[in-house]
Structure formats: structure tokens, C-alpha cells
Amino acid sequence: MTSAPNRATLWGRILVDELAAGGLEAVCLAPGSRSTPLTIAFAEHPEIEVFSHLDERSAAFFALGRARRTGEPTALVCTSGTAAANFHPAVIEADQARVPMLVLTADRPPELRDSGANQTVDQLDLYGDAVRWHAELPVPEASERTVRSLRTSAARALLETTVSEPGPVHLNCPFRKPLEPIETDGLESVPDEFSETPAGRGRDGAFVETRKPEREAVDTADIDSIRSVLESAARPLIVAGPADPATLSPSQLDPADVVAVADAIGAPVLADPLSNLRFGPHVAANRSTSDAQTIYGGYDGYIDELPTPDAVVRCGASPTSKRLRHALRDADARQFLLDPVGAWREATYTATDLVAAEPGAVFETLADEFADTNTSTSTSTSTSTSTTSTTASKGGWRTRFAEAEHTHWTHCADARTEEALESTPFEGAILASVFEGAPDPATIFVSNSMPIRDGDRFGRPREADLTVLANRGASGIDGITSSALGAGSATDEPLVLVTGDLAFYHDSNGLLALERCGVDATIVLLDNDGGGIFHKLPVEEFDPPFTSQFKTPHGLEFDALAELYELEFERVTPTEFEDTYRQSLASDGTQVLSVEFDSETSHRRREELDEAVRDAVGADDD
Ligand code: TPP
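None of these values were measured; they are calculated from a predicted model.

Asks: Sorry, what's going on with the state of the cysteines here?
Replies: What is meant by a disulfide is a covalent connection between two cysteines, made through their sulfur atoms. What the rule picks out here adds up to zero disulfides. Among the cysteines around Cys517, which has no disulfide bond, Cys28 carries the closest sulfur, lying 6.7 Å off. On the basis of relative accessible area, Cys517 is assigned to the buried category, the value being 12%.

Asks: Just to check I follow, could you spell out the site of the ligand for this structure?
Replies: Close to the ligand lie 18 residues, the nearest being Ile477, Leu502, Ala503, Asn528 and Gly532. The backbone of Ile477 places a nitrogen or oxygen atom 3.0 Å from a nitrogen atom of the ligand. Take Gly532: an N or O atom from its main chain is 2.7 Å from an oxygen atom of the ligand. Relative to its unbound accessible area of 590 Å², the ligand is 76% covered by the protein chains. Only α16 (450–458) and α18 (501–506) provide two or more residues apiece to the shell around the ligand.

Asks: Explain the packing of helix α3 (residues 56–70) against helix α5 (residues 88–97) to me, please; I cannot follow it from the model alone.
Replies: The relative placement of two packed helices is expressed as an angle between their axes plus a distance between the axes. Relative to each other, α3 and α5 sit at 20°, their axes nearing to 8 Å. Relative to α5, the element α3 lies roughly parallel. As for the relative orientation of α3 and α5, their crossing is right-handed in sense. In this structure, α3 contributes Arg57, Ala60, Phe61, Leu64 and Arg68 to the contact, and α5 contributes Pro89, Ala90, Glu93, Ala94 and Ala97. Broken down by class, the residue content of the contact of α3 with α5 amounts to seven nonpolar, no polar and three charged.

Asks: Explain the UniProt feature "domain: Thiamine pyrophosphate enzyme TPP-binding" (unreviewed entry) in the chain to me, please; I cannot follow it from the model alone.
Replies: When the UniProt feature table is mapped onto this chain, "domain: Thiamine pyrophosphate enzyme TPP-binding" (unreviewed entry) is found at residues 482–594. The annotated region residues 482–594 carries 37% helix and 19% strand content, and the separation between its end C-alpha atoms amounts to 18 Å.

Asks: How should I be thinking about the side chain of His535 in this particular structure?
Replies: Relative to the assigned elements, His535 resides in the loop between β16 (522–527) and α20 (546–551). Within polar-contact distance, the side chain of His535 engages the side chain of Lys551 at 3.2 Å. When neighbours within four sequence positions are excluded, His535 is seen to be in contact with Glu540, Phe546, Lys551, Ser599, Glu600, His603 and Arg604.

Asks: Where do I start with the domain arrangement of the chain in this structure?
Replies: Interface extent is often summarised as the accessible area lost during association of the parts. Taken domain by domain, the chain comprises domain 1 (7–201), domain 2 (220–404) and domain 3 (416–618). Distance from the C-alpha centre of domain 1 to the C-alpha centre of domain 3: 35 Å. Across the boundary between the two partners, domain 1 contributes 20 residues, which contact 30 residues of domain 3. In total, domain 1 and domain 3 occlude about 1,800 Å² of area from one another, counting both sides; carbon and sulfur atoms represent 56% of this. Taken together, domain 1 and domain 3 are joined by one salt bridge.

About the thresholds
Residues numbered from 1 in each chain as written. Predicted model: local features only at pLDDT ≥ 70, side-chain atom pairs only at ≥ 80, totals over all residues. Heavy atoms only, no water. Disulfide = S-S within 2.5 Å. Buried < 20%, exposed > 50% of the residue type's maximum accessible area, 1.4 Å probe, protein only. Near = heavy atom within 4 Å. Polar contact = N/O pair within 3.5 Å; in protein donor to acceptor, adjacent residues only side chain to side chain. Areas by Shrake-Rupley, 256 points an atom, 1.4 Å probe, with all protein chains shown as cover. Helix = DSSP H or I, 4+ residues; strand = E, 2+ residues; numbered from the N terminus. Axes fitted to C-alpha atoms, helices over the stretch in contact; angles between N-to-C directions. Parallel < 35°, antiparallel > 145°, perpendicular 65-115°, else oblique. Left-handed = near helix turned anticlockwise from the far one by under 90°. Contact = heavy atoms within 4.5 Å. Nonpolar A, V, L, I, M, F, W, Y, C, P; charged D, E, K, R; others polar. UniProt positions renumbered as here; feature names shortened; annotations may be inferred. Domains from an automatic or database assignment. Buried area = accessible area lost by both parts, 1.4 Å probe. Salt bridge = Lys/Arg side-chain N within 4 Å of Asp/Glu carboxyl O.

Below, the structure is given as C-alpha cells:
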């Protein structure tokens with residue numbers, strides 16, 4: 001299998017064989033000459049799915065989106081020079097959002113560097129500390145020890161993408177010519193016998209078997225401390241921020257455990273749309289106890305009108321809702337941050353305890369303990385006082401959230417009637433409809449910056465299994481389309497992308513992947529002709545330069561772009577949106593549903609709604 005006509009080919013084949021043996025399933029390739037040995041080896045490999053891209057920046061975001069959806073590393077290959085630099089934005093997002101990725105950059109051999117050789121840049125530490133591990137592979141040679149090192153590096157690189165804090169890994173891969181699989185004699189040849197050596201042959205399966213630690217049991221002292229704080233709290237709260245890709249799987253963080261804990265202690269669960277807890281079958285619990293439901297999604301509209309919590313357990317990254325972050329900052333509460341690698345992800349610095357443990361393991365252990373306590377209490381004839389708290393014993397704490405939530409959603413529904421939308425259209429209504437009308441299951445990718453904020457505020461919790469994703473690690477508006485399509489490539493579920501017009505423009509190259517990579521999507525384009533987000537900022541008052549330099553209206557007609565990529569394009573009004581969205585989801589292919597808004601009107605409507613909800617919740621709470 002590893003016999004090869006020259007050393008570069010040998011290298012490519014061995015590296016790819018070992019990556020496949022280590023479990024790599026997919027790679028994104030971008031064309032170039034220096035990467036030929038890698039590209040040919042990947043393209044020939046029967047077990048690795050290949051996604052071909054023309055543009056490295058889009059390729060990298062596609063790989064990121066796929067790995068974000070699967071939690072498993074996707075590999076990336078490019079040629080030398082600025083091609084490698086185009087991977088950088090996605091590498092940064094992968095770092096900050098804990099997305100596993102394996103970046104393979106082809107390079108000139110050392111003697112051609114810093115010599116004026118064409119297409120040669122310093123690639124050695126190109127991504128700085130954004131990568132978990134980086135290494136330069138040796139220049140290919142058919143020697144026992146060097147080939148062993150290659151095989152071992154492949155295993156190690158894959159392991160490094162997920163073993164502790166998941167993230168990107170970079171292998172720089174120098175090659176000398178010839179790069180194509182042509183027979184050579186002399187220096188670059190591989191003796192026939194080399195394929196019979198232990199290094200040339202490799203081993204059955206992976207050359208180095210790697211094992212990750214099992215999910216560790218949580219320290220009982222941590223559990224005792226969280227439990228006693230929660231039980232004695234009058235106003236306990238669970239806050240689930242954006243999930244790491246690894247915790248999207250119920251085997252890592254089972255929403256049922258979070259619900260069980262919340263119900264046992266009478267805590268509302270404030271679930272970010274990206275937490276994997278706002279949507280799913282576990283939300284059914286909301287129906288059975290309507291006065292004290294468990295999962296809350298409308299808190300961005302009312303959180304600061306309610307009393308502050310006195311105990312908080314937080315998991316995931318920092319919540320999308322700024323208002324929630326500020327409410328937590330202002331709470332005089334014991335706040336536990338649960339983080340699998342013990343990283344600090346709370347920029348107000350008000351949390352009091354950092355627990356380095358898998359959130360899934362903490363909730364599972366707590367849920368088991370509460371279940372045991374309840375069982376022993378209900379079967380016991382003693383008058384033990386060690387029962388878990390109930391909502392009632394918390395002075396209606398959860399009921400207040402339930403009432404506020406009800407007020408929030410009632411106001412939102414009123415703002416979304418046909419009549420209301422005709423007189424005052426606003427972008428939030430579309431986000432509400434996107435989540436409400438999405439099929440079960442579905443994958444929904446939401447762009448920065450207003451779409452995800454509106455999704456946070458107007459995406460009502462549902463029992464449907466919706467996987468909602470966004471690039472919130474570094475919150476760039478680059479690579480959004482590619483990330484969404486990468487996520488879509490990893491699932492048979494219908495894919496919805498909700499994007500702003502600037503984000504759509506930014507990654508218009510990414511649209512090529514629809515056809516090339518065989519992904520279908522419903523693309524909801526919120527076209528407010530520029531950056532609506534800037535209306536939220538004080539700079540709005542400084543015009544000029546507000547309009548020309550911040551909002552940046554461009555007047556682009558995106559139907560021409562759809563024509564270029566042969567996509568169906570439909571302009572819909574806000575009141576037509578729901579019907580057209582339903583039809584698109586029921587049909588094959590990709591449709592772009594473009595809904596035009598005036599960003600200022602949208603913004604003023606958000607403000608009005610905000611005030612109305614806060615007034616109503618504040619009045620209820622007096
Ligand atoms: N450049 C990158 C790569 N990322 C960023 N986050 C920004 C610039 C700053 N930025 C944040 S949101 C935004 C900009 C320029 C405007 C986004 O506009 P659009 O996609 O139309 O969404 P809208 O705000 O109108 O909802």
C-alpha cells in the first residue's frame with residue numbers, strides 16, 4: 001500500500017493512510033502545486049470523504065462548520081504561500097470555539113526559504129498560539145526512523161485536536177520535486193525494499209493507537225458544594241451558554257439531566273439558542289408544569305426586571321445575551337462555572353467558583369443524587385428534612401420567570417401578526433418564524449451579528465430537535481456561508497442558513513460549495529442594505545461618518561449572485577415569509593429567500609418591544 005515511485009508520493013500516502021487509520025473521515029482540499037502529494041493521496045483514499053474548494057478561506061470555514069457539527073476533526077490542505085494565510089480566520093474561530101481541525105500546509109523545503117524562491121513565506125508558526133500543537137514534518141526521505149516519525153506525527157496530530165481542549169492543529173509539510181507520482185531514480189527515489197521495512201509497511205491499523213481519557217468522575221467535594229449551595233438557595237439559576245461542539249451530543253451533556261437537576265431545585269434554565277438546550281424533546285417538560293416551566297428562552301427581553309439569582313450554575317461559553325451577562329454580573333450570588341478544561345470564559349469576572357469538570361458529568365451526578373434522595377424520601381416513613389427543594393418552597397421563583405416568559409412571547413406574537421408586520425416590519429419576526437417553522441430535526445446556522453441576537457431573543461423554546469450553530473468564538477462575519485454549508489455536509493437534516501447581507505457578501509465565494517460539495521440549504525437573507533448592528537451603538541449619533549463608514553449601504557442586488565451560482569432566488573415580504581419558508585423546506589435544491597428591511601425601522605421596533613416587555617414584566621413584579 002505504501003510502495004511509491006518517489007519520496008513525496010510515499011510521504012503523502014503514508015500520512016493519509018495514518019490519518020484514516022486514526023479515524024479522520026473528511027478533508028477539504030484547495031488546489032495548488034506544492035500540495036500535490038497530499039492532494040493525490042487524499043483523492044485516492046477510499047475511506048476519506050473529499051470536499052473540493054477553490055478558495056482557501058471558504059475551504060477552511062467549510063471544514064470548521066463540518067467539525068462544529070460533528071465534533072470530530074476535519075482536515076484541510078493547501079499549497080504554500082498566502083494560501084495558508086487564508087486559513088487563518090477559520091483557525092482563529094476554531095481555537096476560540098473549541099472546534100477540532102487539522103491544518104496541513106504544503107511548503108517549500110528549507111533550502112528554498114528566505115532565498116527569493118517563488119511563493120515562499122514563513123509558514124512555521126503561522127497561526128501562533130491559535131493552534132493546540134504545530135510541527136514541521138521532515139522533508140520526505142525513505143529512512144526507517146523518519147518514516148516512523150511521520151506515522152507517529154499523524155497519530156499525535158489527530159489526538160491533539162481533541163485530547164484536552166479541542167481545537168486546531170497545524171502540520172507544515174515541506175516537499176521537494178517531483179511532487180507528482182512519477183518514477184524517479186537518484187535522490188528522490190524509494191527503493192522497492194523500503195515497502196517491506198517496518199516503517200514502510202506500517203502496522204495493521206494505526207501505527208500508534210491513541211486513547212483519550214474516559215469522561216472522568218466528578219470530584220465529590222465539588223458535587224457536594226454545588227449541591228448544598230443550590231439546595232439552600234432561594235433563587236437558584238442554571239445558565240447554559242453556547243455549547244462546545246463536543247457537548248452537542250447527548251452522550252456528553254444530556255439535556256434530561258439538566259432538566260432533572262433544575263426541577264429538583266426549582267431553578268429556571270436559561271438556555272442560549274446555541275446551548276443545545278433551548279430546543280429538543282426535553283422541552284416537553286415545559287408543557288407539563290406550565291406554571292413553573294424549566295427551559296427559558298425569552299430572558300433577553302426581561303431578565304433585568306426580575307430579582308437577581310442567589311446561586312448560579314453556568315456551563316458553555318459566555319451567553320449571547322448581553323443583558324443576561326450583565327444581570328449575572330450584578331447578582332450577589334455564588335456562581336459556579338463548569339468547564340471541561342478549567343478555562344475562564346466569563347468576562348465580567350463575577351463568578352466565584354471555577355469547576356474543571358465536564359458539565360455533562362456534573363449534571364448527571366447531581367441528577368442521580370437528587371433522584372436517589374427523592375426515592376429514599378418517598379419510601380421512607382421518617383420525617384427527614386433532607387428532601388430536595390421544590391418550586392413552591394422557593395417562593396414562586398420559577399413562576400415569576402414563567403410569567404415573564406409568557407409576557408415576552410405574547411408581546412412577540414402581537415408584533416408578528418400580519419397587520420403588525422405590515423405596519424412595522426422587523427427582522428426579529430423572521431428569526432422567530434425560522435425557529436418556529438423549522439422541521440424536526442433540522443440544523444440551523446445563524447450569522448453574526450443581528451441575526452444571532454434576534455435568534456436569541458425571538459427563538460422560542462420548542463420540543464423539536466434543532467441544532468443551532470453560529471461562529472461565536474471570534475464572532476466574525478467572514479466565512480458564514482461556508483461554515484453553514486460545512487455543517488450541512490455532515491448531516492442529512494434540512495439545513496437553514498440565516499444571514500445578514502454583509503455576511504452574505506463577505507463569503508459569497510462560499511456559495512460554490514452548494515454544487516461542488518452537494519449540499520442543499522434554505523438561505524434566509526435578511527437584506528437591510530448594510531450593517532444593521534451599528535444602529536445599536538452610540539456611533540449612530542455621529543452621522544457622518546455613521547452611514548458611510550459604519551452602516552455602509554451597498555445597494556447590491558443579490559439576485560445577480562444567485563444567478564451566478566444558479567440558485568433559486570425569491571424576494572419575499574415579511575408577511576409572505578412563513579409560507580415561502582415552508583415551501584422551500586419542503587422542496588429540493590437551494591433557495592435564497594431574501595427579505596428586505598430598513599435596519600433603522602427594525603431597530604426602533606426592537607426598542608419599542610423591549611420597552612413594552614420590560615414595562616409589563618416590571619409591573620407584574622411590583
Ligand atoms: N469584519 C469581520 C470579519 N467580522 C466582524 N464581526 C466585523 C467586521 C464587524 N461587524 C460585526 S457585525 C457587522 C460588522 C461589519 C455588520 C454585519 O452586517 P450584516 O451581515 O448585514 O448583518 P446585520 O448587522 O445587518 O444584521
